[in-house]
There are 2 protein chains.
Amino acid sequence: MAQQDVQNGEGEKVAPAVEIKAVLTQLVVPKADDAVKFYKAAFGAVELERSTHPKRKAEQERPFILSAQLKLGSSTFLVSDNTEDSGEPVNVVGSGAIALWLETPDIGAAVAKAVLAGAVSEGEITTGVFSDPEQPVGKVRDPFGFLWFFTSPVAKKAAAESEAPITV
Amino acid sequence: MAQQDVQNGEGEKVAPAVEIKAVLTQLVVPKADDAVKFYKAAFGAVELERSTHPKRKAEQERPFILSAQLKLGSSTFLVSDNTEDSGEPVNVVGSGAIALWLETPDIGAAVAKAVLAGAVSEGEITTGVFSDPEQPVGKVRDPFGFLWFFTSPVAKKAAAESEAPITV
């Protein structure tokens, strides 16, 4: 059995065949309920389902969200509370750095809407790090520390010519 | 124009209509080329395209990866280098905490394969934080600090009954 072959830790064994069907990104925040509201207001996210902790005590101020699944266009992502039912922080998140990219036909309007909902604009719409030098990118930081880039990959040159930089 | 309505920062304005077509997660790492190799070996990711910095100097040891787009099952994500062409770290990533979830029919084999490729197993396959108490979850930490959870949402009860916990 392939699984047992690698339990002894010998690196020369052949990796077993594994099928990965999909990957989902989970954002882990101190107040998931607030974050869900923000992503709805800022990006128009739609909540598909929410799983709360079944043992959450009634006297606690809000439900513990195991995961809320949000749909944004053709994509989905998860938002979760970062504390245990006891109030202790969970120690199950990674230390890696990320950014999140949103594809939208109107970068300027998307930045403006996000800022209206409580995000902080991080500079003008510009080309820059991580992107094709000719591809305009807008970026905001949300109240939970995540950085979101807005881009229009389909009509990037047209967008660059027609939209003046905004400084909301 | 909706965009201009919010440039004055008055919070009472109505948010403009904005269409978000998709969201992509970008993992920002010190050595993106190594990370791409790891995700191919550990999860069977397929590289769809790679964008490198056009001005990368020839004497530098490896290309600066603006973004490599990896496909995992029905999903895609991005991997990028975290340094500028000059070698300075980029300051464009968020401070939020994340985890990444992989759907697979065989959690045990998926964990074993990832460990063989260089990930570190974080305990046995178990139910736990973020998940339905009846849903088995395996988890590994990759060499770049990201935490990956493996789960089988479709046949979760069958998986729990047929798979013994492994401790690779």
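Reading the values: the criteria
- Residues numbered from 1 in each chain as written.
- Chains lettered and ligands numbered in written order.
- Predicted model: local features only at pLDDT ≥ 70, side-chain atom pairs only at ≥ 80, totals over all residues.
- Heavy atoms only, no water.
- pLDDT = per-residue confidence, 0-100.
- Contact = heavy atoms within 4.5 Å.
- Pairing = 2+ DSSP bridges.
- Helix = DSSP H or I, 4+ residues; strand = E, 2+ residues; numbered from the N terminus.
- Axes fitted to C-alpha atoms, helices over the stretch in contact; angles between N-to-C directions.
- Buried < 20%, exposed > 50% of the residue type's maximum accessible area, 1.4 Å probe, protein only.
- Polar contact = N/O pair within 3.5 Å; in protein donor to acceptor, adjacent residues only side chain to side chain.
- Core = buried A, V, L, I, M, F, W, Y, C linked by side-chain atoms within 4.5 Å.
- Domains from an automatic or database assignment.
- Buried area = accessible area lost by both parts, 1.4 Å probe.
- Salt bridge = Lys/Arg side-chain N within 4 Å of Asp/Glu carboxyl O.

## Some points on the confidence of the model for chain A
Residues and elements named next belong to chain A.
Argument step 1. When the pLDDT values of chain A are averaged, the result is 76; 63% of them are 70 or greater.
Argument step 2. Within the model, the stretch residues 1–11 combines pLDDT values under 50 with 19 contacts to residues more than four positions away or in other chains.
Argument step 3. The model gives residues 155–168 a pLDDT under 50, and that stretch makes 24 contacts with residues more than four places away or in other chains.
Argument step 4. Reported for the predicted complex are a pTM of 0.77 and an ipTM of 0.76.

## Points about the sheet that holds strand 7 (residues 137–141) of chain A
Argument step 1. Ordered by their spatial adjacency, 8 strands build an open sheet running 6(A)-7(A)-8(A)-5(A)-1(B)-4(B)-3(B)-2(B), and the pairing between neighbours is mixed. In the strand order of this sheet, the two ends are held by strand 6 (120–121) of chain A together with strand 2 (46–52) of chain B, each with one partner.
Argument step 2. Bridge count between strand 5 (residues 97–103) of chain A and strand 8 (residues 147–151) of chain A: 4 bridges; the pairing is parallel. Counterpart to Glu-103 of chain A in the pairing with strand 8 of chain A is Thr-151 of chain A.
Argument step 3. Sitting on the sheet, helix 3 (residues 107–116) of chain A touches strand 6, strand 7 and strand 8 of chain A, and the angle it makes with strand 7 of chain A is about 5°.

## Observations regarding the sheet that holds strand 2 (residues 46–52) of chain A
Argument step 1. Ordered in space as 2(A)-3(A)-4(A)-1(A)-5(B)-8(B)-7(B)-6(B), the 8 strands form an open sheet in which the pairing is mixed. Each of the sheet's edge strands pairs with one partner strand only, and the pair in question is strand 2 of chain A together with strand 6 (120–121) of chain B.
Argument step 2. Where strand 1 (residues 22–29) of chain A lies against strand 4 (residues 75–81) of chain A, 4 bridges are found, and the strand directions are parallel. Counterpart to Val-28 of chain A in the pairing with strand 4 of chain A is Ser-80 of chain A.

## A short note on helix 3 of chain A
All names here are of chain A.
Argument step 1. With 8 of its 10 residues buried, helix 3 lies for the most part within the structure.
Argument step 2. Within helix 3, burial applies to Ile-107, Gly-108, Ala-109, Ala-110, Val-111, Ala-112, Lys-113 and Ala-114.
Argument step 3. The distance from a side-chain oxygen at the start of helix 3 to the backbone nitrogen of Gly-108 is 3.3 Å, and the residue carrying that oxygen is Asp-106.
Argument step 4. Directly after helix 3, the chain includes Gly-118, whose backbone phi takes a positive value near 125°.

## What about the nonpolar core?
Nonpolar side chains in soluble globular proteins generally cluster together in the buried interior.
Argument step 1. Ranked by size, the top nonpolar core spans 68 residues in total, and within it Tyr-39, Phe-43 and Trp-148 of chain A together with Tyr-39, Phe-43 and Trp-148 of chain B carry the most contacts.
Argument step 2. Sequence-distant contacts of Phe-43 of chain B, defined by excluding residues within four places in its chain, comprise Ile-20 of chain A together with Phe-38, Leu-72, Leu-102, Ala-114, Trp-148 and Phe-150 of chain B.

## Thoughts on the pairing of strand 1 of chain A
Argument step 1. Counted residue by residue, strand 1 of chain A has 8 buried out of 8 residues, so it is predominantly covered.
Argument step 2. Neither face of strand 1 of chain A is exposed, since Ala-22, Leu-24, Gln-26 and Val-28 of chain A on one face and Val-23, Thr-25, Leu-27 and Val-29 of chain A on the opposite face are all buried.
Argument step 3. Sheet topology note: the strand 1 of chain A/strand 5 (residues 97–103) of chain B ladder contains 7 bridges and is antiparallel. Paired with Gln-26 of chain A across the two strands is Ala-99 of chain B, which belongs to strand 5 of chain B.

## A few points about the domain arrangement of chain A
Residues and elements named next belong to chain A.
Argument step 1. Assigned domains within chain A: domain 1 (23–88) and domain 2 (90–154).
Argument step 2. Counting residues at the interface gives 19 residues for domain 1 and 16 residues for domain 2.
Argument step 3. Roughly 1300 Å² is buried in total at the junction of domain 1 and domain 2, and carbon and sulfur atoms are behind 82% of that figure.
Argument step 4. Three residues stand out in domain 1 for area buried against domain 2, namely Leu-27, Phe-38 and Phe-43, and they jointly supply 39% of the buried area on that side.
Argument step 5. Summed over the shared surface of domain 1 and domain 2, the number is 0 salt bridges.
Argument step 6. Summed over the shared surface of domain 1 and domain 2, the result is 1 residue pair in polar contact (both at pLDDT 80 or more).
Argument step 7. Secondary-structure elements contributing two or more residues to the side of domain 1 that touches domain 2 are strand 1 and helix 2 (32–43).

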